[in-house]
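Letter by letter, the chains look like this.
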Amino acid sequence: MIKKVFVFINKGLFVFLVFIIIIWSLLPIYSLVLISITSDPGNFSTKLFEVPNKITLKHYWVILLNKNEWIWQYLVNSIIIATVVTVVVLIVSILAGYSFSRLRNFTSTLFFNLFLFIRMIPMITLIIPYYIIIARFSLLDTRLGIILAHIPWGIPLGIWLMKGFFDEVPSELEEAAEIDGASTARIIVQIMLPIVAPGIAVTGIFVFIGSYIEYLFALTLSRTFAITLPIRIAGYSSLHLIRYEQMAAATIIGAFFMVILIVFAQKYIVRGLTYGAIKG
Amino acid sequence: MVTPAFSIVLILLILPLIFSFYLSFRNYDILKGTKDFVGFSNYYKILQDNSFFRAIIRNLIYVGGVIGLNFLIGLGMALIVHQIDNKFIRKTITTIIVLPMMLIPSSAAVFWRVIYNKEFGILNQFINFFGFERIAWLASDKLALYAVMFTDIWSWTPWMFLVLFAGLQNISREAIEAAQIDGASFWQVLRYITLPLLKPIIFIAMMLKSIDTFRTFDYVWIMTNGGPGESSQIISTFIYRTAFRFFKYGYASSIAIVQFLIASLLSILFLVFLTKKEKQESRR
C-alpha cells in the first residue's frame, strides 16, 4: 500500500516536472506570439492568460507588404550573405576535410588543430582590425564586407564537420578506384562527393545558420544598405518609436527560416552544434 | 588541398589578428588624432583600470552562472525526457524544448527586453499576480547582469539538452536496468552509472559552452549596453564600447589581446583533451 502511494506520488511529480519543462520553453514564446497578433499598439498582453479579443495579422502584413516597413531588404541581405559564405566555405572545407581525414601525420594534425583553435578565438578580438581594414577598402556597409568577415569563421566548422563525414567512408573504396587507375581528382568528384552528399548538405546548413544569425560583425560593418535581419530585429527597440508588435512578428518570421533549415539537418543536429566533437 | 582553406584563414583572420597586436602597441585614438608607438603602455593602463577588472569578474560570474545552470537544467530535462517511454510524447516534448533555440539570438535578446518590461512584461505580470511588487529588471544595477544571464540560459538550454540527451541515448539500458533490479535508487543510478558514463560528453559540452559564453556579446549589448552605468559590463562589451563609443582603437585592441590570450588558454586545454580522446579511440 505504502509502495503504491509512493509510486503514485512519483508519477505525479514526474508529470509535474514535464509540465514545468513545457512552461519553461513555451511561456515566453506564447507571449511572443501573443504580442505579434495583438491589434492595439502598446496595449498588448495586459492580462496574462487572456487572449486579446481583437486578433490581427496586421503586423505581419506590415513587415511583409508595406513598402516603408518591410523586412525583405534585410532578409535578402542575410540570405545573400549567408549563401555566398556557405558556398565558399563548402568548397574549401570539402578539400581540406578530405585531406585531414586521409592524411594522419604530424603536420596534418597540427594544421587541423590550428583550425579548431581559430574557431574559439573571441570574435571581438578581430572587430577593430576588421573595421579599420574594411573601411580602408571602402567596403563598409556592403554585403561583400560582411561576407569577407564571416568566411574565416565558417571554415573551421566546415572542416571539422566534413572531416567527420569523410572519416565514415571506408578507405578501401578509394584504394580500389586507385588500382583501377582513377586520378585523385576523379576519386573525389565521382566517388567521394556522391557518398558524402548528405554530409555536405548538413555542413552547408550549419555554416549557413552561423552566418544567418551572426550579430557582432554585421552590426559593426553595416550602416543602412547592408543591414541584416538580426541587426534589423535588434534595432526595433532602439528606434524612437518602440514597435514591439513588429519586432515580435519579425522574430517569428526569422525563426521560421531557422526551423526549415534545422528540420533538414535534424538527424545530425548534435554533431553540427558541437562542431562534430560529439557524434550523436 | 588544405592550401585554399589555409590561405583564406591566413588573409582574413591571422593577418588581422597580427594587425590587432600591432594596434595594441599604439595610442591609436580617433578623437585625439594620435597614432604613435607607445610600447607596452596600453598594457600598463589595463593593469590600473578598475573597470577592466570589474568586467573580468562579471565575465567570470556570467560564464560560471550560465554554464552551471545550463548544465543543471539541461541535464534535468534530458533525464526526465529520457524516462518517457511513449515515443510520440517524447518527440513532442523534445521539439518543444528545442524551440527557444530556433529564435535568432539577437531577436531573443530584444524580445526578452519586452518580457522584463516593468509595465507590461509577462514576468512582472507573473510577479504581480502573486502579489509582489513589479521590478524593473534591466534598469537595476544589481539585477541587470543576472537578468541578461537568465536570457542566455533560456536561449541555450536546448543546446545542452540536445547534447546530453544524445549522450544518454548512447548509454546501454542494460547496465541501468541491472542496477535497478539490484535495488539501486534513482539517485544511486545517476551518481554511479549515468554520470560516470556521460563524463566525456559532459566535459566536451561544458568546455565548448564556456568558450562560447566567455566571448558572448550580443545578449549583453542588446539588452543593457553594459549598463545601467557599468553594472553589466563584460569584457566584450567593454572592448566594443572603448573602440566604437570612445574611439580608442589602440587601448581597445590591447584589451582584446588580453581577452584573446585568456580564451586561447581555455581552447588549448580543450584541444589537448580532444586529441588525447581521439588517440584513445583510435587505439581501441
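Residues numbered from 1 in each chain as written. Chains lettered and ligands numbered in written order. Predicted model: local features only at pLDDT ≥ 70, side-chain atom pairs only at ≥ 80, totals over all residues. Heavy atoms only, no water.

Caption draft 1: The arrangement of helix 1 (residues 3-23) of chain B in detail. Residue and element names in this part refer to chain B. Its 21 residues place the ends of helix 1 28 Å apart at the C-alpha level, agreeing with the 30 Å of an ideal helix rising 1.5 Å per residue. A maximum bend of about 45 degrees is found in helix 1 at L10. Every buried residue belonging to helix 1 is among A5, I8, V9, L12, L13, P16, L17, S20 and L23, and all of these are buried. (Helix = DSSP H or I, 4+ residues; strand = E, 2+ residues; numbered from the N terminus. Expected span 1.5 Å × (residues − 1). Bend = angle between axes of the 7 residues up to and from the residue. Buried < 20%, exposed > 50% of the residue type's maximum accessible area, 1.4 Å probe, protein only.)

Caption draft 2: The packing of aromatic side chains, seen in detail. Throughout the structure, instances matching the rule amount to 31 aromatic pairs over all chains. An angle of 75 degrees between the planes, with centres 6.3 Å apart, marks the rings of F117 of chain A and F260 of chain B as edge-to-face. Here F260 of chain B lies in helix 12 (residues 249-283) and F117 of chain A lies in helix 4 (residues 106-119), a pairing that spans two chains. Taken as a pair, F117 of chain A and F260 of chain B share a single burial class, namely buried. An aromatic cluster of three or more residues is present, and its members are Y131 and Y215 of chain A together with Y28, F217, W221, Y240, F244 and Y249 of chain B. The ring of Y236 of chain A carries R232 of chain A above its face, with NZ or CZ at 4.2 Å from the centroid. (Phe/Tyr/Trp six-rings, centres within 6.5 Å; stacked < 30°, edge-to-face > 60°. Lys NZ or Arg CZ within 6 Å of the ring centre and 35° of its normal.)

Caption draft 3: Structural context of the interface of chain B and chain A. Between chain B and chain A, the residue contacts involve 83 residues of the former and 86 residues of the latter. Buried area between chain B and chain A, summed over both chains or domains, comes out near 7,700 Å², and the portion from carbon and sulfur atoms is 83%. Seen at the junction of chain B and chain A, the total is zero salt bridges. Where chain B packs against chain A, one counts seven residue pairs in polar contact (both at pLDDT 80 or more). Considering only residue class, the side of chain B that touches chain A consists of 63 nonpolar, 13 polar and seven charged. (Contact = heavy atoms within 4.5 Å. Buried area = accessible area lost by both parts, 1.4 Å probe. Salt bridge = Lys/Arg side-chain N within 4 Å of Asp/Glu carboxyl O. Polar contact = N/O pair within 3.5 Å; in protein donor to acceptor, adjacent residues only side chain to side chain. Nonpolar A, V, L, I, M, F, W, Y, C, P; charged D, E, K, R; others polar.)

Caption draft 4: Region of interest: the environment of P228 of chain B. Residue and element names in this part refer to chain B. Along the polypeptide, P228 turns up in the loop between helix 10 (218-223) and helix 11 (235-244). Residue P228 is classed as partly exposed on the basis of its relative accessible area, which comes to 30%. It is 7.6 Å that separates the C-alpha atoms of P228 and A144, two residues lying 84 residues apart in sequence. Setting aside anything within four residues of it in sequence, one finds P228 in contact with L138, A139, S140, D141 and A144.

Caption draft 5: Highlighting the environment of F264 of chain A. Residues and elements named next belong to chain A. Counting through the fold element by element, F264 comes out in helix 11 (residues 244-265). Residue classification places F264 among the exposed residues on the basis of a relative accessible area of 66%. Sequence separation between F264 and A234 is 30 residues, and the spatial gap between their C-alpha atoms is 27 Å.

Caption draft 6: Spatial organisation of the pattern of salt bridges. Across all of its chains, the model carries four salt bridges over all chains by this definition. Taking the shortest distance from any N to any O, the salt bridge between E174 of chain A and R102 of chain A comes out at 2.9 Å. Pair noted here: E174 of chain A is in helix 7 (residues 172-179) and R102 of chain A is in helix 3 (residues 72-102), with a separation of 72 residues, a long-range link. On the basis of relative accessibility, which here comes to 26%, the residue R102 of chain A falls in the partly exposed class. Of the charged contacts, one joins D212 of chain B and R215 of chain B as a salt bridge, the two residues approaching to 2.9 Å between their closest N and O atoms. Its relative accessible area of 13% is what places R215 of chain B among the buried residues. One continuous salt-bridge network, built from bridges that share partners, spans R104, K163 and D167 of chain A.

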